[in-house]
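Summary of structural features
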Amino acid sequence: MDQTFEITEDDGGSVPVVSVAGEIDVATAPQLRDRLQARVASGSSTMAVNLLDVTFLDSTALGVLVGALKRCREAGGDLRLVIAEPRILKVFEITGLTEVFTICGSVDEARR
Amino acid sequence: MSGNGSMPPAAGGDVVELTIPVKADLVVLARLTAATVASRAGFGVEEIEDLRLAVEELCLSLVGADDNGRLRFAYRRTDDAVTITCTFEPEGTGNQEARTGDELSLRILDALVDEHGRNGDGREATAWLRKRRARSTL
């Protein structure tokens, strides 16, 4: 279930970081979409989405991230992803999205 | 590798059936069942994770979060494979139809399972997949 799904935001560094924990699926992806849309609407055209604590991710989640990336780039910024877990990275690889996103191995790297 | 659309042969094995309403927060039950059946079939951890994601994409290839109806699953465990069929049964008499699957879902299915396919269009459709156990775990 999605009891452990959580989104937190950190504006402390040069690039704001939205951290997600738990499973991003058809049930939880709308929450992430709303948070990312709100951030872009409030002026954050460049941000990082930290997926280090994500345990499952489906094509609904990919769609949300691609939509957010598009909005960031239209606003002149970028959306970086933080991924270390091979199982999560695999989903981006098999869909060809590693060529689309800037993927970093750590939050520090994404903030540079 | 995509299937040609014909149903997989229903030959032998143990079958577990699950029916859920089309509700976003219940699709996790389809994943949990897939993981349990694959585990009991001797699949490795990575294969189980592949199957969890694949069954999710199977659902998403048929329905969206706003659809109404039921999803009926059959999980068949045989000596060397797990075969999962998912049938969307719409509720009501409206024009609601099964979806045709988006590109991301189909790419994921292509990469994670040995065969997949689909039967039927319109109001009721069935999508299926088959994943064979890796030789090292046979």
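As a starting point, this report considers the structure included with it. Keep in mind it's a predicted model, so treat the numbers as computed, not measured.

Procedures and definitions
- Residues numbered from 1 in each chain as written.
- Chains lettered and ligands numbered in written order.
- Predicted model: local features only at pLDDT ≥ 70, side-chain atom pairs only at ≥ 80, totals over all residues.
- Core = buried A, V, L, I, M, F, W, Y, C linked by C-beta atoms within 7 Å.
- Buried ≥ 20, exposed ≤ 12 C-beta atoms within 10 Å, placed from the backbone.
- Contact = placed C-beta atoms within 7 Å.
- Helix = DSSP H or I, 4+ residues; strand = E, 2+ residues; numbered from the N terminus.
- Pairing = 2+ DSSP bridges.
- Axes fitted to C-alpha atoms, helices over the stretch in contact; angles between N-to-C directions.
- Expected span 1.5 Å × (residues − 1).
- Arc of directions from axis to C-beta.
- Parallel < 35°, antiparallel > 145°, perpendicular 65-115°, else oblique.
- Nonpolar A, V, L, I, M, F, W, Y, C, P; charged D, E, K, R; others polar.

Quick notes on the nonpolar core
If you look at the biggest cluster of nonpolar residues, it comprises 62 residues, and the most contacted ones within it are Val49 of chain A together with Ala54, Cys59 and Ile84 of chain B. Not counting chain neighbours up to four residues away, the residues in contact with Val49 of chain A comprise Val18, Val20, Leu65, Leu79 and Leu81 of chain A.

Digging into the environment of Glu49 of chain B
Structurally, the position occupied by Glu49 of chain B is in helix 2 (residues 45-60). Along the chain, Glu49 of chain B and Ala38 of chain B lie 11 residues apart, while their C-alpha atoms are 9.5 Å from each other.

What about the sheet that holds strand 1 (residues 6-10) of chain A?
Residues and elements named next belong to chain A. The strand order across the open sheet formed by five strands is 1-2-3-4-5, and the pairing between neighbours is mixed. Unpaired on one side and paired on the other, strand 1 and strand 5 (102-104) mark the two borders of the sheet. Taking the axes of each pair of neighbouring strands and ignoring which way they run, one obtains an average angle of 25° across the sheet. Here strand 4 (residues 79-82) runs beside strand 5; their pairing, made up of three bridges, is parallel. By the bridge assignment for strand 5, Val82 is matched with Cys104.

Topic: helix 1 (residues 29-41) of chain A
Residues and elements named next belong to chain A. Counted at 1.5 Å a residue, the expected span for helix 1 with its 13 residues is 18 Å, and the 18 Å between its end C-alpha atoms agrees. Among the residues of helix 1, Ala29, Leu32, Leu36, Arg39 and Val40 are the ones counted as buried. An end-on view of helix 1 places all buried positions within 95° of arc, on one side of the element. Exposed side of helix 1, more than 90 degrees from the buried face: Asp34, Ala38 and Ala41 are the residues found there. Packing partners of the buried residues in helix 1 comprise strand 1, strand 2 (17-24), strand 3 (47-57) and helix 2 (59-74). The positive-phi residue at the C-terminal boundary of helix 1 is Gly43, with phi of around 110°.

Some thoughts on the sheet that holds strand 3 (residues 81-90) of chain B
Residue and element names in this part refer to chain B. If you trace the five strands from one edge of the open sheet to the other, you get 1-2-3-5-4, paired in antiparallel fashion. On the outer flanks of this sheet lie strand 1 (14-21) and strand 4 (115-119), each paired with one strand and no other. Across this sheet, the average inter-strand angle for adjacent strands is 15°, counted without regard to direction. The pairing of strand 3 with strand 5 (residues 125-132) spans eight bridges and is classified as antiparallel. Bridging from a neighbouring strand, Val82 pairs with Lys131 of strand 5.

Some details on the packing of helix 1 of chain A against helix 2 of chain A
Residue and element names in this part refer to chain A. Closest axis-to-axis distance for the helix 1/helix 2 pair is 9 Å, and the angle between their directions is 5°. Classified by the interaxial angle, the pair formed by helix 1 and helix 2 is roughly parallel. Between helix 1 and helix 2, the contacting residues are Ala29, Leu32, Arg33, Leu36 and Val40 on the first element and Thr60, Ala61, Val64, Gly67, Ala68, Arg71 and Cys72 on the second. Within the contact of helix 1 with helix 2, the residues separate by chemical class into eight nonpolar, two polar and two charged.

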